[in-house]
Amino acid sequence: MTADPTNRRLAELQALIEGENNLVGVLANLSAALHEMLSTLWTGFYLVEGEELLLGPFQGPVACYRIKKGRGVCGTAWDESRPIIVPDVEQFPGHIACSSRSRSEIVVPVYGKSGRVAGVIDIDDEKPGRFNMADLRLLEGVAEMLRPYFD
Ligand code: SME
């Protein structure tokens, strides 16, 4: 295994979910492991249901249950099928402040086998500019691991 910290973390996360097909359990353990690895404020998942994202397993302060397509950072990442790094949430028009402590955010879509967006990984932190390209690569790797769990 390579010494690259992101690859090492991805291998650890892959091992954590290997052979488990209980989606809620897998998402719960991934949010717990990522939360510990990254020491962030809020770490979790929203899953697509119709025209909304519904709150999934997470770690951190309580959060909004539903986000409409195109709304906030999560709904925009879904609508535009792209990851979004927000260095300063106050500069993102329409940002949804689930926690007033959140200053920066990263959202990465999770795709299903068909290629549709099945949900998003959302991570928030109290530090402005907390998220970088290594975090993006880590979360894109996690999203890739989750593809087989969704149609
Ligand atoms: N800030 C997000 C909402 C979800 S919470 O951060 C957990 C957004 O603007 O989509």
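Our subject in this report is the structure included herewith. (Residues numbered from 1 in each chain as written. Predicted model: local features only at pLDDT ≥ 70, side-chain atom pairs only at ≥ 80, totals over all residues. Heavy atoms only, no water.)

Examining the pattern of salt bridges
So, step 1. Applying the stated criterion across every chain, the model contains 10 salt bridges.
So, step 2. Of the charged contacts in the structure, one is a salt bridge between D125 and K127, with a shortest N-O distance of 3.7 Å.
So, step 3. You can call K127 partly exposed: its relative accessible area is 48%.
So, step 4. Here R130 ties to D135 by a salt bridge, and the two come within 3.4 Å at their closest N and O atoms.
So, step 5. Judged by relative accessible area, which is 17%, R130 ranks as buried. (Salt bridge = Lys/Arg side-chain N within 4 Å of Asp/Glu carboxyl O. Buried < 20%, exposed > 50% of the residue type's maximum accessible area, 1.4 Å probe, protein only.)

Some points on the packing of aromatic side chains
So, step 1. What the rule picks out here adds up to two aromatic pairs.
So, step 2. Between the aromatic rings of W42 and Y46, the centroid separation amounts to 5.9 Å while the plane-to-plane angle is 25°, which identifies the pairing as stacked. One exposure class covers both W42 and Y46, and it is buried.
So, step 3. Note on W42 and F58: the rings are 5.1 Å apart at their centroids and 20° apart in plane angle, and the pair reads as stacked. Highlighted residues: W42 in strand β1 (residues 42-49) and F58 in strand β2 (residues 52-59), separated in sequence by 16 residues.
So, step 4. F58 sits in the partly exposed class, given a relative accessible area of 26%. (Phe/Tyr/Trp six-rings, centres within 6.5 Å; stacked < 30°, edge-to-face > 60°. Helix = DSSP H or I, 4+ residues; strand = E, 2+ residues; numbered from the N terminus.)

Observations regarding the site of the ligand
So, step 1. Taken together, 13 residues lie around the ligand, and V73, C74, I96, E105 and D124 are the ones closest in.
So, step 2. A distance of 3.3 Å separates an oxygen atom of the ligand from a polar atom in the side chain of D122.
So, step 3. The protein chains hide 99% of the 310 Å² of surface that the ligand would expose on its own.
So, step 4. Listing elements by their share of the shell around the ligand, those giving two or more residues are β1, α3 (72-79) and β6 (117-125).
So, step 5. Here the shell around the ligand takes three residues from α3, the largest share from any one element.
So, step 6. Its residues assigned to classes, the shell around the ligand comprises eight nonpolar, two polar and three charged. (Near = heavy atom within 4 Å. Polar contact = N/O pair within 3.5 Å; in protein donor to acceptor, adjacent residues only side chain to side chain. Areas by Shrake-Rupley, 256 points an atom, 1.4 Å probe, with all protein chains shown as cover. Nonpolar A, V, L, I, M, F, W, Y, C, P; charged D, E, K, R; others polar.)

Quick word on unusual backbone geometry
So, step 1. For S39, which is not glycine, the phi dihedral falls at a positive 50°.
So, step 2. Turning to its location among the elements, S39 is positioned in the loop between α2 (23-38) and β1.

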